[in-house]
Structures are given as structure tokens and as C-alpha cells.
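# Structural overview for review
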Amino acid sequence: MAFWRSHRNGPERTSARKKAAHDRKVREAAVFVGDQHRHSIPLDMRDIREDLDTPLIDASLPAKTSVIVRAGALDLSGGTGSFRVRELMGRMAMSMGCYVRADVKLTDIEAECSNGEDRMAEVVDLPTTGVNTERIWYMEHFADWLSVNLGQKGTYHPTDEDLSAKLVERLPRGRRHRTPAPATAASASPAASSTIPPASNQPTASQPASPRPASSGRTVRRMTPPRESSVDDNGTPLDKAGHIAHRVLPGGTDSVDSGDYGHDAREKHLHTGAYHGVTVRQVHERLDAIEYKKPLYSPAFAALAAAVACASFVFLLGGGLYDMLAAFIGAGIGQFLRATMLRRHINQFFVVMVSVALAALASIGFLRALAFFDPTALHHDTAYIGAILFVIPGFPLITGGLDIFKMDIQSGIQRMTYFMAIVIVATLSAWAVARCVSLDPQGFDTPQMSVWVRTLLWLLTAFGGVWGFSVLFNSPQKMACVAGIIGAIADTLRLELVNANMPMEAAAFIGALTAGLLATCWRSSVRRGWLPPQLGFPRICLTVPSIVIMVPGLYMYRAVFYLGELDTQATVQWAFEAMLVILMLPIGLAVARVLTDRGWRYDV
């Protein structure tokens with residue numbers, strides 16, 4: 001009887017042990033995912049973990065997809081346009097012997113990768129959006145570094161591939177959750193491990209990677225049976241790894257046709273089975289270093305940059321010395337609070353509301369204190385509007401317009417909606433402050449000066465404004481100075497045209513067009529070797545900061561102010577004037593790209 005009871009309870013005990021082991025794995029996976037960001041791609045999936053020490057070119061499709069989608073997510077988190085993210089992902093996929101079709105929006109990516117045999121989908125979303133031009137720049141160099149390590153030529157910086165290698169290789173290693181943890185009894189099984197296992201001996205050309213089991217844990221659909229012969233169905237030679245044999249066109253160029261789609265384009269790309277290059281682990285380590293790289297500037301320095309930018313903005317709008325001082329103090333205090341709160345991951349709409357209110361109060365308080373010594377300071381009641389302009393989301397505005405121009409309507413609408421949401425929150429917060437202190441801003445009293453002095457000051461303040469916004473976008477100093485030079489020329493030209501009685505909308509279009517052409521000339525000069533390769537910055541990192549100071553923030557605020565006063569006629573007038581200028585800015589940049597870039601000139 002005891003034997004029967006023991007035999008009967010055996011399956012129950014086995015089931016309980018299995019359930020306990022499953023619960024332990026779930027808890028370990030939750031701890032691992034919680035150690036990362038909850039929106040990131042978990043790299044401890046079995047099909048990725050098995051290929052961590054495999055050369056990327058020989059890795060499975062899930063491992064390659066993890067690199068492609070993660071790189072796209074990092075580029076998107078830098079604030080760049082959706083069309084650039086798709087371009088980056090596509091070039092990386094082609095260098096790995098596969099292709100990707102991605103749907104990129106403001107904060108998420110849906111991508112489908114295929115290598116001619118398997119197909120899988122991957123989705124990643126970001127918790128918020130922001131701007132980091134340094135990350136955009138690093139992602140360009142990362143894509144070139146990866147291409148070179150896969151035996152191909154760089155795309156973004158082909159004249160100096162060593163520069164990309166130096167920039168990427170000297171990056172500090174990423175966070176500790178990528179570092180292998182010592183094995184324990186609870187994590188002895190590979191399936192139960194919650195950390196990436198330690199690196200094993202890497203395969204070499206004489207010791208190819210061991211065969212891998214079929215991918216699991218992902219959405220993978222088998223398309224065609226794996227090829228076992230040394231030629232494909234069309235008689236094209238294959239190497240030992242199963243990739244299309246290396247082919248070079250006359251003149252040493254890659255046999256890649258951007259007009260092809262799918263497997264035809266992959267068959268024409270370059271791959272050598274003998275060239276293993278970097279492993280999946282090494283690639284993710286570089287992506288770790290880019291993802292967790294600290295901002296270049298402290299909150300105090302960012303506050304100084306915002307103060308300089310807003311004071312310069314006020315002068316370009318026609319303000320005087322007192323207006324500039326009030327904007328300088330208000331913007332500096334508001335940006336310091338904003339940067340401090342954003343570093344704690346507080347909701348950015350709440351951050352905008354609070355920081356704008358503090359900036360407006362600080363600006364108004366400074367003028368009231370100054371009135372004890374000079375009563376005329378009370379007449380500069382419009383200065384607080386300039387103090388809140390540091391929150392203008394210029395990047396999503398411009399990239400949204402460019403996305404629409406590239407027929408990415410959904411992403412463009414999302415970015416425009418985000419821009420309007422930030423503007424509405426900021427202007428309503430400033431309007432509430434103005435009502436509390438009974439302010440009625442009527443505009444700036446433009447100081448009188450000679451034409452040459454005014455033009456020189458326009459150049460200096462335009463440079464200062466663009467430099468300040470570039471620092472807020474986390475641009476390196478060289479990048480910020482180059483953008484400042486472009487912005488100084490473009491915005492001074494715009495102001496001169498407005499002063500010559502040209503409509504503001506037309507002047508904004510010409511200013512944005514000039515900025516786009518100057519950025520293209522700068523980039524072309526670097527590619528031709530006329531300028532040092534270290535100055536080869538992404539076009540979007542130069543053009544957007546250079547025209548942010550052209551955004552009519554004063555017009556948008558006045559529209560909301562008169563809306564609060566129930567003056568519908570003035571509200572509609574200011575709103576439409578602001579809208580026309582806003583529309584002209586991305587159109588000007590898009591026309592510059594059409595004139596200078598064949599990829600923008602044709603719909604292919």
C-alpha cells in the first residue's frame with residue numbers, strides 16, 4: 001500500500017518540481033529585464049545567447065535582428081527622423097546578409113528581418129522621446145565601424161574609416177548587467193540563466209563556428225529549406241558559411257543596387273565566409289557604450305547654454321538690454337530645474353509646465369527688483385516670453401516635416417502632434433503666470449542702431465542662440481560651433497530680408513534653404529577631404545539647431561495669450577502667422593535636400 005501511494009504521488013511531486021523550476025525561471029527573467037530598461041530588447045533569449053560568441057556574419061537571424069533593431073532604437077532615441085532610422089537599419093542589415101523592413105514612429109519600431117530562409121518580427125518601444133545629437137553622430141560611426149569589420153566599406157564616412165574605428169573602440173564599456181555573472185546552482189542551466197554567459201573561445205577562420213540548433217523563443221517562419229549545395233538555385237557560388245560569394249564590380253565597388261528589393265539585393269552584396277569580424281557580444285558591448293554614455297554637459301552648463309540662447313533669441317526678436325538680462329536669468333533658472341527633473345525621469349509635460357512657470361516668474365521678479373533702481377524696467381514686460389523659449393521642441397518639428405516629405409505620414413503627424421502638445425503646455429503655463437501678475441505684453445522696444453552694428457550683433461547673437469540650443473541637444477563643442485556658423489549666416493540673411501519688407505514666411509523659407517545648402521556644402525567638403533574628417537557631422541545635427549531660432553515662439557505665445565483673453569480675431573491672426581512660418585522651415589530644408597541629394601530627388 002505504501003509502495004502504491006509513493007508511486008501515485010510521484011507524478012505529482014514531479015509536476016510540483018517543474019512548476020517550481022518554471023516559477024524560478026520567471027522570477028530570474030523578471031529580475032534580468034528589470035535590471036535593464038523595461039522597454040529594451042532582452043538579450044538573454046536562448047537563440048541570442050547561443051550566438052553571443054559567434055561572428056556576427058555567421059550568427060542566426062535572431063542575433064542579427066537584435067543588433068539591427070537595437071541600433072535603430074538607439075538612433076531613434078537620439079531624436080533623428082524616421083527616414084534616417086530606416087536608412088541606418090537597412091544599411092546594417094545589408095552588411096549582415098539580410099534585409100529589414102521597418103515601420104518607425106515617434107517612440108516605437110516594428111521591424112521584420114529576413115535572410116532568405118527565415119523571417120522574424122521584432123518590436124521595440126521607447127518610454128519617452130528626446131534629443132541627443134551626439135548619439136546620432138556616434139550611430140553613424142557605429143554603422144561604418146560595423147561595415148568595415150564585416151569586410152565592407154563605410155557609407156557615412158567613407159574617406160576615413162579609421163576615424164569611425166577610433167571613435168567606437170575608445171568608447172567606455174557599458175553597464176554591468178552585460179558582464180557575465182559567476183555561475184550558481186540556481187543558474188547552472190543555460191535556460192535558467194538571467195545573465196549573459198561568459199565569453200567562450202571565439203571561432204577563427206581555421207575553426208568555424210559549431211552548428212547551432214534551430215532558433216526558438218522568437219516569431220520565426222521558415223520560408224525555404226536550407227541549402228546544402230555550394231551553389232544556389234540560380235547557380236550563384238556560395239561560400240562555406242552559406243553566404244553569397246564575394247563579388248566586386250569593375251573599379252572595386254560593391255555590387256549593391258539600392259533599387260533592388262529582397263533577396264536580389266542581398267545576393268549582390270559582399271560577404272566573405274573567411275572573414276569573421278566581430279562577434280555578436282562585441283557588437284552589443286559597443287551599443288551598450290553608446291546607450292549608457294553620460295551627457296556631455298552638467299545641468300549647470302546646460303542652464304548657462306539655455307540662458308545664452310534665450311537672451312540671444314530676445315535680441316533677434318527686437319529686445320533690448322533689460323529684456324536680454326531678464327531672459328538670461330529666467331531661462332537659466334528654468335533650464336536648471338528642467339534638466340534636474342528630467343534626469344530623474346519625471347514626466348516631461350509636467351517638467352515643461354513647472355520649468356516654464358519658474359522661468360517666467362524669475363524673469364518677472366528680476367525686472368520688478370530692477371525697477372527699484374530704474375523704473376523703466378517695468379516697461380519690458382515681454383521679456384518673460386523670451387525666458388521660456390528654451391523648451392521649444394525644434395527637433396520633432398523639423399524631423400516631422402521631413403518625414404512627411406519622405407511620405408512617412410504617420411511618423412510626421414506624431415512628431416507634429418508632440419510639438420504642438422509641448423508648445424500648448426508651455427504657453428498655457430506662461431499665460432497663467434501672466435494672468436496672476438496682471439501682465440499684458442505688447443512687444444519689444446527695438447533699440448536704434450546703425451545698420452552695420454545691427455548686422456554684426458545679429459551675427460553674434462544668432463551664433464550664440466544656435467550654440468546654446470546645440471548644447472541643449474548634447475552636441476559636442478565642434479558640432480555646436482559649426483551649427484552656430486551656419487545658423488548665424490542663415491538667420492542674419494532671414495532678418496535682413498524681413499527688414500527689406502519681404503514677408504516673414506518667404507524669408508523663413510529662404511533662411512531654412514540657406515541653412516540646408518550650407519550644411520550640405522560642409523558635409524561634401526569633409527567627404528572630398530577639404531576639411532578634416534573629424535568635422536563630418538550629420539546634416540540633421542547641423543541644420544535643425546541652425547533654424548530653431550527661426551521658430552516663431554513669440555507668435556505662438558501671443559496666439560495662446562489672446563485665446564485666454566477670448567480675443568478670437570487676434571488669436572486666429574497670430575496662430576496663422578506662426579503656422580505659415582513653421583511650415584516654411586521644414587519645407588526649406590527639404591528643398592535643399594532635393595536639390596543636392598538624388599535619394600531625395602526621386603521616389604524610388
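The rules behind the values
Residues numbered from 1 in each chain as written. Predicted model: local features only at pLDDT ≥ 70, side-chain atom pairs only at ≥ 80, totals over all residues. Heavy atoms only, no water. Phe/Tyr/Trp six-rings, centres within 6.5 Å; stacked < 30°, edge-to-face > 60°. Buried < 20%, exposed > 50% of the residue type's maximum accessible area, 1.4 Å probe, protein only. Helix = DSSP H or I, 4+ residues; strand = E, 2+ residues; numbered from the N terminus. pLDDT = per-residue confidence, 0-100. Contact = heavy atoms within 4.5 Å. Expected span 1.5 Å × (residues − 1). Core = buried A, V, L, I, M, F, W, Y, C linked by side-chain atoms within 4.5 Å. Pairing = 2+ DSSP bridges. Salt bridge = Lys/Arg side-chain N within 4 Å of Asp/Glu carboxyl O. Axes fitted to C-alpha atoms, helices over the stretch in contact; angles between N-to-C directions. Parallel < 35°, antiparallel > 145°, perpendicular 65-115°, else oblique. Left-handed = near helix turned anticlockwise from the far one by under 90°. Patch = residues over 30% accessible without salt bridge, like charges linked within 9 Å, V, L, I, M, F, W, Y side chains within 5 Å. Areas by Shrake-Rupley, 256 points an atom, 1.4 Å probe, with all protein chains shown as cover. Polar contact = N/O pair within 3.5 Å; in protein donor to acceptor, adjacent residues only side chain to side chain.

Looking now at the packing of aromatic side chains. Counted by the stated rule, this structure contains twelve aromatic pairs. Geometrically, the ring pair formed by Trp 137 and Tyr 138 is tilted, given 5.5 Å between the ring centres and 50° between the ring planes. The same class applies to Trp 137 as to Tyr 138, namely buried. Measuring from ring centre to ring centre gives 6.3 Å for Phe 405 and Trp 600, while their planes differ by 25°; the resulting arrangement is stacked. Of this pair, Phe 405 sits in helix α13 (residues 394-405) while Trp 600 sits in helix α21 (residues 598-601), placing them 195 residues apart in sequence. Feature note: the residues Phe 83, Phe 405 and Trp 600 constitute an aromatic cluster, connected by ring pairs.

Per-residue confidence for the chain gives a mean pLDDT of 77; residues scoring 70 or more make up 74%. The spread of mean pLDDT over the elements of the chain runs between strand β4 (residues 220-222), the lowest at 36, and helix α16 (residues 477-499), the highest at 94. Under a pLDDT of 50 for its full length, residues 33-39 has, in the predicted model, 13 contacts with residues more than four places off or in other chains. In the predicted structure, residues 176-275 sits below a pLDDT of 50 and forms 187 contacts with residues beyond four places in sequence or in another chain.

Let us now look at α13. Taking 1.5 Å per residue, twelve residues should reach 16 Å; α13 reaches 17 Å between its end C-alpha atoms and fits that length. With respect to burial, α13 is a largely interior element, ten of its twelve residues being buried. Restricting attention to buried positions, one finds in α13 the residues Gly 394, Phe 395, Pro 396, Leu 397, Ile 398, Thr 399, Gly 400, Gly 401, Leu 402 and Asp 403. Of the surrounding secondary structure, the elements contacted by the buried residues of α13 are α4 (82-95), α5 (133-149), α14 (409-436), α18 (539-548), α20 (568-596) and α21.

Soluble globular proteins tend to bury their nonpolar side chains together. Within the largest apolar cluster, 130 residues are counted, with the highest numbers of intra-cluster contacts made by Met 92, Met 96, Ile 109, Phe 142, Leu 146, Val 283 and Tyr 384. Here Tyr 384 is in contact with Ala 360, Ser 363, Ile 364, Ala 430, Ala 434, Leu 439, Pro 441 and Tyr 557, once residues within four sequence places are set aside.

Turning next to the side chain of Thr 543. By the secondary structure assignment, Thr 543 is in helix α18. Setting aside anything within four residues of it in sequence, one finds Thr 543 in contact with Ala 515, Gly 516, Ala 519 and Leu 589.

Take the pairing of strand β2 (residues 108-114) next. Counting buried residues in β2 gives five out of seven residues, a clear majority hidden from the surface. For strand β1 (residues 99-104) and β2, the ladder comprises six bridges, and the chain directions are antiparallel. Looking across to β2, one finds that Ala 102 is bridged to Ala 111. In this antiparallel pair of consecutive strands, β1 and β2, the connection spans three residues. Sheet analysis places β2 next to strand β3 (residues 118-125), joined by seven bridges and oriented antiparallel. Residue pairing in the sheet places Ser 114 in a bridge with Arg 119 of β3. Linking two consecutive strands that pair antiparallel, namely β2 and β3, is a turn of three residues; a positive phi of about 95° is found at Gly 116 within it.

A few words now on the pattern of salt bridges. Under the definition given, this model contains 18 salt bridges. For Glu 291, the salt bridge identified is with Arg 70, shortest N-O distance 2.6 Å. Residue Glu 291 is located in helix α8 (residues 280-291), and its partner Arg 70 is located in helix α3 (residues 61-77); the two are separated by 221 residues in the primary sequence. In this pair, the class of Glu 291 matches that of Arg 70, namely buried. Across the pair Glu 134 and Lys 293 runs a salt bridge whose closest N-O atoms are separated by 2.9 Å. One end of the pair, Glu 134, is in helix α5; the other, Lys 293, is in the loop between α8 and α9 (299-316), and 159 residues separate them in sequence.

At a closest axis distance of 8 Å, the pairing of helix α10 (residues 321-342) and helix α11 (residues 348-370) adopts a crossing angle of 150°. In terms of axis orientation, α10 runs roughly antiparallel to α11. Crossing of α10 over α11 shows right-handed handedness.

Time to look at unusual backbone geometry. A positive phi angle is found at Met 407, which is not glycine, with a value near 65°. Tracing the sequence through the fold places Met 407 in the loop between α13 and α14. Note on Met 407: relative accessible area 60%, which makes it exposed. Backbone geometry at Asn 474 places phi at a positive 65°, although glycine is not the residue there. Mapped onto the elements of the fold, Asn 474 is located in the loop between α15 (451-472) and α16. The buried category is assigned to Asn 474, whose relative accessible area is 8%.

Here Leu 518 shows up in helix α17 (residues 504-527). On the accessibility criterion, Leu 518 (28% relative accessible area) is partly exposed. With 28 residues separating them in the primary sequence, Leu 518 and Ala 490 have C-alpha atoms 8.6 Å apart. Once you skip the residues sitting within four places of it in the chain, Leu 518 turns out to touch Ile 486 and Ile 489.

This next bit is on a nonpolar patch on the surface. A cluster of nonpolar residues, Val 572, Phe 576, Met 579, Leu 580, Leu 583 and Ile 587, forms a patch on the protein surface that exposes about 500 Å² of accessible area. Tracing the sequence through the fold places Leu 583 in helix α20. Its relative accessible area of 39% is what places Leu 583 among the partly exposed residues.

Inspection of the secondary structure puts Thr 571 in helix α20. In this structure Thr 571 comes out as buried when scored by relative accessible area, which is 12%. At a separation of 2.9 Å, a polar atom in the side chain of Thr 571 contacts the main-chain amide nitrogen of Leu 563. Those residues within four positions of Thr 571 in sequence are excluded, and the remaining contacts are Ala 559, Tyr 562 and Leu 563.

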